[in-house]
Amino acid sequence: MSKVFVGMPAHAPAGVGALHASESFPAAARTALADTQLRRNLGAATTTIRAKREAVVGELADWEQLRLAGQAIKAATMARLDEHLIRLEEEVTKRGGVVHWARDAAEANRIVTGLIQATGADEVIKVKSMVTQEIGLNEALAEAGIAAWETDLAELIVQLGHDKPSHILVPAIHRNRAEIREIFLREMPGVEASLADEPQELAMAARAHLRRKFLTAKVAVSGANFAIAETGTLVVVESEGNGRMCLTLPDTLITVMGIEKVIPSWTDLEVFLQLLPRSSTGERMNPYTSMWAGITEGDGPQEFHLVLLDNGRTAVLADEVGREALHCIRCSACLNVCPVYERTGGHAYGSVYPGPIGAVLTPLLTGVLENPSLPYASTLCGACFDACPVRIDIPSILVHLRARSTEQTRKPPSAEAIAMTLASWVMSSPRLFGWAGRAMRAGRLLARRGRIRRLPPPLSAWTAARDAPSPPRQTFRQWWRHRDGGTP
Ligand code: SF4
């Protein structure tokens, strides 16, 4: 048997797609924190979704067993990912589909653009898909003169608002009703000025707009939540039915899927279809689950292409700690419980993947040097692990990436590092430690009402963000010596 060398795993290339933050997380977070409307919207939305999730998860006595099963299936699948992908390719091909392999975002965009151009279409309709945002497909299509129309309501709001998604599940979570009305009035042809900012009216306006697209588009582009290797079946779960329209009405369907979305069998799907809706929308089951395998003559699209995307995933798989991030089923539960995400929102992460999973997945896909601040966008409180339906140990991956970021970005020692080295030197000598303790009492001169509010440079960096407590009147050693009532 001849073997083909497919090259070493590579990270997602810079300059294409939506994985490369243009500013550091602390800088972007500062801007987001100043936006009170954004914080109000985020607080209200995440509180509601959290409560719904907790209620439906609490109904299942075997929820923890389901989580363990999801974790085990994902780990076993990743251990034999190559075999499952080849089986998937065989089964899709057997049923009339065509499979394409894309090493990175640029190659995937080239493949999809070429496929659309071959049909003669100059516009496509899209099912909500994170992976096509990851590769910057809409922008690549626009450069080729092809208009891409988002059909998920929240994605449509983001697209018409010339905005970026800020949540995996609810991309327009940062917008309120009044803002959405403004966007529709400005950008949606045929919308009347009497449009109210009531959810039903807004939904009906979007519905009328999208119907025109559904009935005329010849090509649709989708992502996939799962792909079942044993039968070559693609699965899309959604809430609005727009996905079903895209998947069934056009002549040509192109699905772009990250290689980690494959699962071996239908029995595995059973586990994930219980875990996903409860964790994402807080529903017992999602309203629309569309499944298809290849093509069926006279029914639905007559041409089906599946693009399997790497874009850094095999590099993540090669990372023994980080590979767990590939288990993610994009439910967004970790975002909704994260105290950092709840305050900054998704834009601060600078990537299509926000929140705790974005803080690990993005630097894993791009290489940590491309996004060195993201692993620090966390308090390491562990709420993300508790909420994750497939038990991804995000805090451990964050710590792993922080260590790697420190190793790879070696700089001249910071003031903090110098202070820590000095502290270690002083603390390892009892005599020096005693002198230092006595010398510290001089700090009492700077204290007002028990707190030191400003220290001289370089220690001023510490007091810029917090007070230091006033040193005590006596050191511990002095207290110990005189603890039986003597005077210090
Ligand atoms: S990491 Fe877990 S909780 Fe977060 S989106 Fe992925 S599956 Fe959901």
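Residues numbered from 1 in each chain as written. Predicted model: local features only at pLDDT ≥ 70, side-chain atom pairs only at ≥ 80, totals over all residues.

Under an unreviewed UniProt entry, the name given to the protein is Iron-sulfur cluster-binding protein, and the organism recorded is Rhizocola hellebori.

Engineer: So what exactly am I meant to see when it comes to the overall build of the protein here?
Structural biologist: Looking only at helices and strands, the protein has 22 helices and 12 strands in total. Summarising its shape, the C-alpha atoms of the protein cover approximately 100 × 70 × 50 Å along the three principal directions. Taken over 488 residues, the protein has a buried fraction of 42%. Considering only contacts in the protein between residues 6 or more positions apart, those separated by 24 or more positions represent 74%. (Helix = DSSP H or I, 4+ residues; strand = E, 2+ residues; numbered from the N terminus. Buried ≥ 20, exposed ≤ 12 C-beta atoms within 10 Å, placed from the backbone. Contact = placed C-beta atoms within 7 Å.)

Engineer: Would you explain the pairing of strand β10 (residues 303–309) in this entry?
Structural biologist: A regular strand places its side chains on the two faces of the sheet in alternate fashion. With six of seven residues buried, β10 is to be regarded as a mostly interior element. Sheet analysis places strand β1 (residues 98–102) next to β10, joined by five bridges and oriented parallel. Paired with W101 across the strands is L308, a residue of β10. As paired strands, strand β7 (residues 252–258) and β10 are joined by seven bridges and run parallel to one another. From the neighbouring strand, I254 faces β10, where its bridge partner is H305. (Pairing = 2+ DSSP bridges.)

Engineer: Is there a simple way to explain the sheet that holds strand β4 (residues 219–222) in this structure?
Structural biologist: Across a sheet, paired strands are connected by hydrogen bonds in the backbone, their directions being either parallel or antiparallel. If you walk across this open sheet you meet the six strands as β1-β10-β7-β4-β2-β3, and the pairing is parallel. What marks the edges here is a single partner per strand, and that holds for β1 and β3 (147–150). Each strand axis lies, on average, 25 degrees off the axis of its neighbour in the sheet, ignoring direction. Where β4 lies against β7, four bridges are found, and the strand directions are parallel. Its bridge partner lying in β7, V221 is registered against I254. (Axes fitted to C-alpha atoms, helices over the stretch in contact; angles between N-to-C directions.)

Engineer: Help me understand helix α1 (residues 25–33), please; the structure alone is not making it clear to me.
Structural biologist: For the α-helix, the turn length of 3.6 residues means that residues three or four positions removed from each other point alike. Looking only at α1, the buried set comprises F25, A28, A29 and A32. Seen along its axis, α1 keeps its buried residues to an arc of 100 degrees; they face one direction. If you follow the buried residues of α1, they end up packed against α2 (36–57) and α15 (339–344). (Arc of directions from axis to C-beta.)

Engineer: Got a minute to help me understand the sheet that holds strand β9 (residues 288–292) in this structure?
Structural biologist: Spatial strand order, β8-β5-β6-β9: four strands in an open sheet with mixed pairing. At either margin of the open sheet sits one strand with a lone partner, and together these are β8 (262–263) and β9. By the bridge criterion, five bridges tie strand β6 (residues 233–238) to β9 in an arrangement that is antiparallel. Across the sheet, the residue bridging to V236 is S290, located in β9.

Engineer: What's the story with the pairing of β6 in this structure? I'm lost.
Structural biologist: Summarising burial for β6: five of the six residues are buried, a large majority. Inspection of the sheet shows strand β5 (residues 226–228) paired to β6 by three bridges, in the antiparallel sense. Bridging from a neighbouring strand, F226 pairs with V235 of β6. Adjacent in sequence and paired antiparallel, β5 and β6 are bridged by four residues, among which G232 carries a positive phi angle near 65 degrees.

Engineer: Looking at this structure, I do not really get the domain arrangement of the protein. What am I missing?
Structural biologist: Many authors give the size of an interface as the accessible area that is lost as the parts come together. Segmenting the protein into domains produces domain 1 (33–314) and domain 2 (415–481). Taking the mean C-alpha position of each, domain 1 and domain 2 sit 55 Å from one another. (Domains from an automatic or database assignment.)

Engineer: Could you clarify how one ought to interpret the UniProt feature "domain: Lactate utilization protein B C-terminal" (unreviewed entry) in the protein in this entry?
Structural biologist: In the numbering used here, UniProt assigns the "domain: Lactate utilization protein B C-terminal" (unreviewed entry) feature to residues 407–483. In this annotation, residues 407–483 is assigned 47% helix and 5% strand; the end-to-end C-alpha distance for the span is 47 Å. (UniProt positions renumbered as here; feature names shortened; annotations may be inferred.)

Engineer: I'm lost on the site of the ligand in this one. Help?
Structural biologist: The full set close to the ligand counts 14 residues, and C328, C331, C334, I357 and C388 are the nearest of them. Per-class residue counts for the shell around the ligand are 11 nonpolar, two polar and one charged. (Near = placed C-beta within 6 Å. Nonpolar A, V, L, I, M, F, W, Y, C, P; charged D, E, K, R; others polar.)

Engineer: How do you make sense of the packing of helix α3 (residues 63–79) against helix α12 (residues 266–280) when you look at a structure like this?
Structural biologist: Pairs of packed helices are described in terms of their axes, by the angle between the two and the distance that separates them. At a minimum axis separation of 10 Å, α3 and α12 run at an interaxial angle of 130 degrees. With respect to their mutual orientation, α3 and α12 come out oblique. Handedness of the crossing formed by α3 with α12: left-handed. Residues L66, A69, G70 and I73 of α3 form the contact with α12, whose participating residues are D268, V271, F272, Q274 and L275. (Parallel < 35°, antiparallel > 145°, perpendicular 65-115°, else oblique. Left-handed = near helix turned anticlockwise from the far one by under 90°.)

Engineer: Help me understand the packing of helix α9 (residues 177–187) against helix α10 (residues 199–216), please; the structure alone is not making it clear to me.
Structural biologist: Put simply, α9 and α10 touch, their axes get as near as 11 Å, and they point 30 degrees apart. When the axis of α9 is compared with that of α10, the two are roughly parallel. Relative to α10, the crossing made by α9 is left-handed. Between α9 and α10, the residues in contact are R177, I180, R181 and F184 and P199, L202 and A205, respectively.

Engineer: Help me understand the environment of E192 in this model?
Structural biologist: Note that E192 resides in the loop between α9 and α10. When the C-alpha positions of E192 and A205 are compared, they lie 9.3 Å apart, and in sequence the two are 13 residues distant.

Engineer: Before we go on, may I ask you to explain the nonpolar core in this structure?
Structural biologist: Most often, soluble globular proteins keep nonpolar side chains buried together rather than apart. Counting residues in each nonpolar core, the largest one holds 116 residues, and the members touching the most others are A220, V307, L309, A325, C334 and V360. If we ignore the near neighbours within four places in the chain, the residues touching C334 are G355, P356, I357, C384, A387, C388 and I394. (Core = buried A, V, L, I, M, F, W, Y, C linked by C-beta atoms within 7 Å.)

Engineer: What am I meant to see in the environment of R391 here?
Structural biologist: Checked against the element boundaries, R391 lands in the loop between α17 (383–387) and α18 (394–408). Taking the C-beta count within 10 Å as the criterion, R391 has 19 such neighbours and is therefore assigned partly exposed. Through-space distance from the C-alpha of R391 to that of L81 is 19 Å; in sequence the pair is 310 residues apart. Contact partners of R391, with chain neighbours within four places excluded, come to R67, Q71 and F385.

Engineer: Teacher, can you tell me more about unusual backbone geometry here?
Structural biologist: Among all residues except glycine, the phi angle is most often negative; among peptide bonds, the trans geometry is most common. With a phi angle near 50 degrees, H162 is a residue other than glycine that sits in the positive phi range. Relative to the assigned elements, H162 resides in the loop between α8 (153–160) and α9. Of note in the backbone geometry, R449 takes a positive phi value of approximately 50 degrees without being a glycine. Turning to its location among the elements, R449 is positioned in the loop between α20 (430–440) and β11 (451–452).

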